[in-house]
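Letter by letter, the chains look like this.
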Amino acid sequence: DQQVKQNSPSLSVQEGRISILNCDYTNSMFDYFLWYKKYPAEGPTFLISISSIKDKNEDGRFTVFLNKSAKHLSLHIVPSQPGDSAVYFCAAGGANFGNEKLTFGTGTRLTIIP
Amino acid sequence: GAGVSQSPRYKVAKRGQDVALRCDPISGHVSLFWYQQALGQGPEFLTYFQNEAQLDKSGLPSDRFFAERPEGSVSTLKIQRTQQEDSAVYLCASSLAGQVYAGNTIYFGEGSWLTVV
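Q: Which residues make up the overall build of chain B, and what values do they have?
A: For chain B, the count of helices and strands is zero helices and eleven strands. Order of helices (α) and strands (β) in chain B, N terminus to C terminus: β-β-β-β-β-β-β-β-β-β-β. Computed over its C-alpha atoms, the radius of gyration of chain B comes to 13 Å, within 12% of the 13 Å expected for a compact globule of 117 residues. Dimensions of chain B, computed from the C-alpha atoms along their principal axes, are close to 40 × 25 × 25 Å.

Here you go:
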């Protein structure tokens, strides 16, 4: 039972354009969401997060949008840069999960084309 | 250290062999987590420590998996009688506060890549 889903295994975007990565979840008990970025042979690196009481959080080139009614969140990267090429994981957690357990999606490999 | 350190980085084990994977969290971090990441999948939660107390081990796949953090800093994940399905990257993570929430960042190590042959 995949509670956090990233349905696009890969995405290619031209440098300078907007990258949009999507994530869907099934469990309405999640109350915070995070995005992690992972380069090959490295551990995931925290990128940005959002609490369920918000619908948008912005940090520089990165913005996360949360649509609770649709159980959907997205990560926007603008403008996209070659260094953004990596695998992006969406993750979810909450008080109902002991506040220590994150559930991850399967990841989306983003390739930025120069 | 500056980040979460894991050793060994790579381990090849024969089926049936016992392995031990070590994690050095960021100094002062209260929380420590172990995750397992199979090829092509996202990380999956194994267990969680707050200081030396193992508060959640619900993700450990079988009783062959055992984790400890006796002094509240370094942790060891032990897998007994390894099987091929144990082949995965084992990620350790730590965070400053006792619980995870949107503003409390979890820092991951580079992982220990285990291959069981």
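Still to come is the rest of the account.
Q: Explain the side chain of Gln37(B) to me, using residue names and the numbers behind them.
A: Tracing the backbone shows Gln37(B) in strand β4 (residues 31–37). At a separation of 2.8 Å, a polar atom in the side chain of Gln37(B) contacts the main-chain carbonyl oxygen of Gln41(B). Sequence-distant contacts of Gln37(B), defined by excluding residues within four places in its chain, comprise Lys38(A), Phe89(A), Gly42(B), Pro43(B), Ala88(B), Val89(B) and Leu91(B).

Q: Give a description of the state of the cysteines that names residues and reports values.
A: This structure, assessed with the given rule, holds two disulfides over all chains. The disulfide that involves Cys23(A) links it to Cys90(A), with 2.1 Å between the sulfurs. Disulfide Cys23(A)-Cys90(A): torsion about the S-S bond near -70°, hence left-handed. Placement of the pair is Cys23(A) in strand β3 (residues 19–25) and Cys90(A) in strand β9 (residues 86–93), with a sequence separation of 67 residues. Across the disulfide, Cys23(B) is cross-linked to Cys92(B) (sulfur-sulfur distance 1.9 Å). Because the sign of the S-S torsion sets the handedness, a value of about -70° for the bond joining Cys23(B) and Cys92(B) places this disulfide among the left-handed ones.

Q: Can you explain the pairing of strand β6 (residues 56–59) of chain A? Please cite residues and give values.
A: Inspection of the sheet shows β6(A) paired to strand β7 (residues 62–67) of chain A by four bridges, in the antiparallel sense. Note that in β7(A) the partner of Glu58(A) across the bridge is Thr63(A).

Q: How would you sum up the nonpolar core? Please name residues and give values.
A: Phe33(A), Trp35(A), Leu73(A), Leu75(A) and Tyr88(A) are the most contacted members of the largest nonpolar core, which totals 24 residues. Residue contributions to this core peak at four residues, all from β9(A). Each residue touching Tyr88(A), except ones within four places of it in the same chain, is listed here: Gln6(A), Leu21(A), Trp35(A), Tyr36(A), Lys37(A), Leu47(A), Leu75(A), Ile77(A), Gly107(A), Thr108(A) and Leu110(A). Val19(B), Leu46(B), Phe65(B) and Cys92(B) belong to the second largest nonpolar core, which has 20 residues in total.

Q: Report on the side chain of Asp56(B), specifying residues and quantitative values.
A: One can find Asp56(B) in strand β6 (residues 53–56). Within polar-contact distance, the side chain of Asp56(B) engages the side chain of Ser58(B) at 2.7 Å. Non-local contacts of Asp56(B), meaning those with residues more than four positions away in its chain, are made with Glu100(A), Lys101(A), Phe45(B), Leu46(B), Thr47(B) and Tyr48(B).

Q: Tell me about the sheet that holds strand β8 (residues 72–77) of chain A, and name the residues and values.
A: Residues and elements named next belong to chain A. One open sheet accounts for five strands, arranged β1-β3-β8-β7-β6; its pairing is antiparallel. At either end of the open sheet lies a strand with only one pairing partner, and these are β1 (4–5) and β6. With two bridges joining them, β1 and β3 adopt antiparallel strand pairing. Across the sheet, residue lysine 5 finds its bridge partner in β3, namely aspartate 24.

Q: Just give me the short version of the interface of chain A and chain B, but keep the residues and values in it.
A: Opposite the 20 residues of chain A that make contact, chain B presents 24 residues. Carbon and sulfur atoms supply 59% of the area buried between chain A and chain B, which totals about 1800 Å² over both sides. In this assembly, chain A and chain B are joined by one salt bridge. Measuring nitrogen to oxygen at the nearest pair gives 3.9 Å for the salt bridge that ties Lys101(A) to Asp56(B). Of all the secondary structure elements, the ones that give two or more residues to the side of chain A that touches chain B are β4 (32–38) and β5 (45–51) of chain A.

Q: Residue-level account of the environment of Asp55(A), with values.
A: All names here are of chain A. Along the chain, aspartate 55 turns up in the loop between β5 and β6. Residue classification places aspartate 55 among the exposed residues on the basis of a relative accessible area of 55%. Considered as a pair, aspartate 55 and proline 82 are 27 residues apart in the sequence and their alpha carbons are 28 Å apart. Those residues within four positions of aspartate 55 in sequence are excluded, and the remaining contacts are Ile50, Val64, Phe65 and Leu66.

So, how was this worked out
Residues numbered from 1 in each chain as written. Chains lettered and ligands numbered in written order. Predicted model: local features only at pLDDT ≥ 70, side-chain atom pairs only at ≥ 80, totals over all residues. Heavy atoms only, no water. Helix = DSSP H or I, 4+ residues; strand = E, 2+ residues; numbered from the N terminus. Rg over C-alpha atoms; globule rule 2.2 N^0.38 Å. Polar contact = N/O pair within 3.5 Å; in protein donor to acceptor, adjacent residues only side chain to side chain. Contact = heavy atoms within 4.5 Å. Disulfide = S-S within 2.5 Å. Pairing = 2+ DSSP bridges. Core = buried A, V, L, I, M, F, W, Y, C linked by side-chain atoms within 4.5 Å. Buried < 20%, exposed > 50% of the residue type's maximum accessible area, 1.4 Å probe, protein only. Buried area = accessible area lost by both parts, 1.4 Å probe. Salt bridge = Lys/Arg side-chain N within 4 Å of Asp/Glu carboxyl O.

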